[in-house]
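Here is what each chain is made of, one letter per residue.
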Amino acid sequence: MRARIGEVAGSLPVVRPVEHDEAAERGCRRRRKKTPAALSALGLASEPSQAVALSQVTTDALPRIETGDVELDRVLGGGLVRGSLVLLGGEPGIGKSTLLLQTVVRVRGLRVLYVSGEESRRQIKLRADRLSEEAAGGDANADNVLLLCETRLERVFEVIKEVEPDLLVVDSIQTLSCEMAESSAGSISQIRECAALLLKYAKESNVPVVLVGHITKEGSIAGPKVLEHIVDTVLQFEGDRHHIYRLLRSLKNRFGSTDEIGVYEMRSTGLRAVENASELLLPEGNEELSGVAIAAATEGVRPLLIEVQALVSTAAYGTPQRSATGFDLRRLNMLLAVLEKRVGFKLAAKDVFLNIAGGLRVSDPAIDMSVIAAVLSSNVDTAIERSVAMAGEVGLSGEIRPVTRIAARISEAAKLGFKRFVLPEASHKSLDRRDFGLELVPVSTVADALRALFG
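From a predicted model like this one, the values you see are computed outputs, not experimental measurements. (Residues numbered from 1 in each chain as written. Predicted model: local features only at pLDDT ≥ 70, side-chain atom pairs only at ≥ 80, totals over all residues. Heavy atoms only, no water.)

This part covers the packing of aromatic side chains. Pairs of aromatic rings are described using the distance from one ring centre to the other and the angle between the two planes. A full pass over the atoms with the stated rule returns two aromatic pairs. Between the aromatic rings of Phe 157 and Tyr 201, the centroid separation amounts to 5.7 Å while the plane-to-plane angle is 80°, which identifies the pairing as edge-to-face. Of the two residues, Phe 157 is situated in helix 6 (residues 153-163) and Tyr 201 in helix 7 (residues 188-205); the sequence distance between them amounts to 44 residues. For Phe 157, a relative accessible area of 1% puts it in the buried group. Taking the centre distance of 5.9 Å and the plane angle of 80° together, the rings of Phe 237 and Tyr 264 count as edge-to-face. With Phe 237 in strand 8 (residues 233-239) and Tyr 264 in strand 10 (residues 261-267), this residue pair connects regions lying 27 residues apart in the sequence. Phe 237 gets classed as buried once you look at its relative accessible area, which sits at 2%. (Phe/Tyr/Trp six-rings, centres within 6.5 Å; stacked < 30°, edge-to-face > 60°. Helix = DSSP H or I, 4+ residues; strand = E, 2+ residues; numbered from the N terminus. Buried < 20%, exposed > 50% of the residue type's maximum accessible area, 1.4 Å probe, protein only.)

Laid out in C-alpha cells, this is it:
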C-alpha cells in the first residue's frame, strides 16, 4: 500500500535554517574580492587569452641582457632573457648574494631594484664597498641600483610601479610573504604564491627577475618542487667554503644549454671569473711527486685539466680506510677492486686516500684512468711525468672505454703545454688525423695504460 505524502513528510527529520553569520559572510566576500583586487592594484590583472595558430608565432631571437660577467653569461646561455624568472640556489655563505650584488653594481645602463629581506641597506652598502673599488666609483652602476629592504610582496610591487626597474633581484624568495596566503613567510603556500605573482610580473612587464633560494641540508632547493617548475632557469652555486673555487652550473634553462658551467675564485674583493680554470687547478713548480696524475675532465662542454692526488699507506689499525674528497667513494672502491682482480696489485691491507685538488667535485667517468694511475704511483712511490695528461673510463673487466669530447680534452692539454696524452684506443680511432701538437698514446686495457705511464 502506498504511503500518503503527508505521512512521508511527517516521518522525515525537521531541518531548521542555519542562523546567518554576517561576520563570516563578510570575511568570505573579502577573501573572494581580495585576489582580483590585489592583482588589479599591482598591475597584474588577468586578461582573456587568445588562441594563435602555430604558423603565426614569430621565432625571432630572444633579446638578452649582458651582465658583464663572462662566466654568468655563459651559464645563462648568453645573458639574461627579458621577462625571464631565474632562481639561484646554494649553501649559506657560498657567495650567492655576493655574485648578484657585484653583477648589478657593475652592469651598465640598467635600473636595478635590489630587494632584500635578510639584510639592511647599510649591510648591503658595506658589502658593495668591500667587493670592489669600482663598485663605489663614479663609473659603476651604483647610482642606478635601488635598495629596498622589505618582506611584503604588496609593498614591493608598489615600489616597482614607482621606479619601473629594468631588472629585479629578490634576496630571498623565502623571506617574502603576500596577503593571498595566510601562512608565515617561507612556507610552501607563501613561496608558491609569491613565485607565481613574480612570474606573472616578469612575463607581462618583460623585466627579468632573479630570485635567491635557500637549500635544504640535502642540497636541494628549499620549498615546494613547483618552485623549480615555475621558474625559467635554475642555477646552482657550488663549492667548498674552505676552498677558493666556486662552480656555477645550470640545472634547468629554457633559453639555453644546461651543459655549461662557470668557475669563480673567491677573493677578499669578491668573486673573480676564471676564464682558464685549468691553469689555476694544475700544480705549480717543477718537482715531480708520486701519487699525482693529471686528468682531462669535462664539466658540461667545458674541458678542465685537474690534479688527482692519491696516498697509499699500510693500514695502521688493522682495518684499511678508504677516503675520497671530490670523487665518488663507491667508484673508488670499484677501481681498487679492478686493480686487484685484473692487474694483480694487492691493496686490500692498505689505506687509500684520494683527493681532487682545488675543492672540486667531479663526476666525469673519464678521470678513472687518472685515479688508477695516481693510486699506483703512490703505491710504488714513482712519480708520473708532469708533461703527461690522460682521459679514459675503466670498465669492470679492466678495459679502457672511450670517452666523449676527446678532441676538446686533447686541445686543452696541448694549449697548456703537455707533451703526451694517454687516451682510449677506441677514441683514438674516431679522431680526425689533425696534428694536436702532442704525442697521443692509445691504450686498450689498464695494464697497457700502466706500461705507458711507468714503463
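Now that the structure has been shown, we can carry on.
Once that is clear, we can look at helix 10 (residues 329-343). Helix length check: helix 10 (15 residues) gives 20 Å between terminal C-alpha atoms against 21 Å at 1.5 Å per residue, within 8%. Every buried residue belonging to helix 10 is among Leu 332, Leu 335, Leu 336, Val 338 and Leu 339, and all of these are buried. One side of helix 10 carries all its buried residues, which in axial view fall inside an arc of 155°. In helix 10, the exposed positions that point more than 90 degrees away from the buried face belong to Arg 330 and Lys 341. (Expected span 1.5 Å × (residues − 1). Arc of directions from axis to C-beta.)

Here we take up the pattern of salt bridges. Taken as a whole, this structure holds 21 salt bridges when the rule is applied. Residue Glu 265 pairs with Arg 267 through a salt bridge whose shortest N-O separation is 3.6 Å. For Glu 265, a relative accessible area of 12% puts it in the buried group. Judged by its relative accessible area of 41%, Arg 267 falls in the partly exposed class. (Salt bridge = Lys/Arg side-chain N within 4 Å of Asp/Glu carboxyl O.)

The buried fraction of strand 3 (residues 85-90) is high, at six of six residues. Residue alternation in strand 3 divides its side chains into two sets, Leu 85, Leu 87 and Gly 89 and Val 86, Leu 88 and Gly 90, and both sets are buried. Pairing of strand 3 with strand 7 (residues 209-213), which is carried by five bridges, proceeds in the parallel orientation. For Leu 85, the partnering residue across the bridge sits in strand 7 and is Val 209. (Pairing = 2+ DSSP bridges.)

Moving on, we get to the environment of Ser 323. If you trace the backbone, Ser 323 turns up in strand 14 (residues 322-325). Judged by its relative accessible area of 29%, Ser 323 falls in the partly exposed class. For the pair Ser 323 and Leu 354, spaced 31 residues apart in sequence, the C-alpha to C-alpha distance is 6.2 Å. Setting aside its immediate chain neighbours within four residues, Ser 323 contacts Leu 329, Leu 332, Val 352, Phe 353 and Leu 354. (Contact = heavy atoms within 4.5 Å.)

Okay, the packing of helix 10 against helix 11 (residues 368-380) next. Across the interface, helix 10 lies against helix 11 with an axial gap of 10 Å and an inter-helix angle of 65°. Seen along the crossing, helix 10 lies across helix 11 with a hand that is right-handed. In contact with Arg 331, Leu 332, Leu 335, Leu 336 and Leu 339 of helix 10, helix 11 contributes Asp 368, Val 371, Ile 372, Val 375 and Leu 376. For the contact of helix 10 with helix 11, the per-class residue count stands at eight nonpolar, no polar and two charged. (Axes fitted to C-alpha atoms, helices over the stretch in contact; angles between N-to-C directions. Left-handed = near helix turned anticlockwise from the far one by under 90°. Nonpolar A, V, L, I, M, F, W, Y, C, P; charged D, E, K, R; others polar.)

Residues of helix 14 (residues 446-454) that are buried: Val 446, Ala 449, Leu 450, Ala 452 and Leu 453. With its buried residues spanning 160° around the axis, helix 14 presents them on a single face. Count one or two residues on from helix 14 and you reach Gly 455, which has phi positive near 80°.

Looking at the protein chain, pLDDT values average 85 and 87% of them are 70 or higher. By mean pLDDT, the top-scoring element of the protein chain is strand 17 (residues 393-394) (97), and the lowest-scoring one is helix 1 (residues 5-11) (42). Here residues 1-21 scores under 50 on pLDDT; set against residues more than four positions off or in separate chains, the count is two contacts. Confidence drops under a pLDDT of 50 for residues 23-38, and excluding neighbours within four residues, the segment shows six contacts in the predicted structure. (pLDDT = per-residue confidence, 0-100.)

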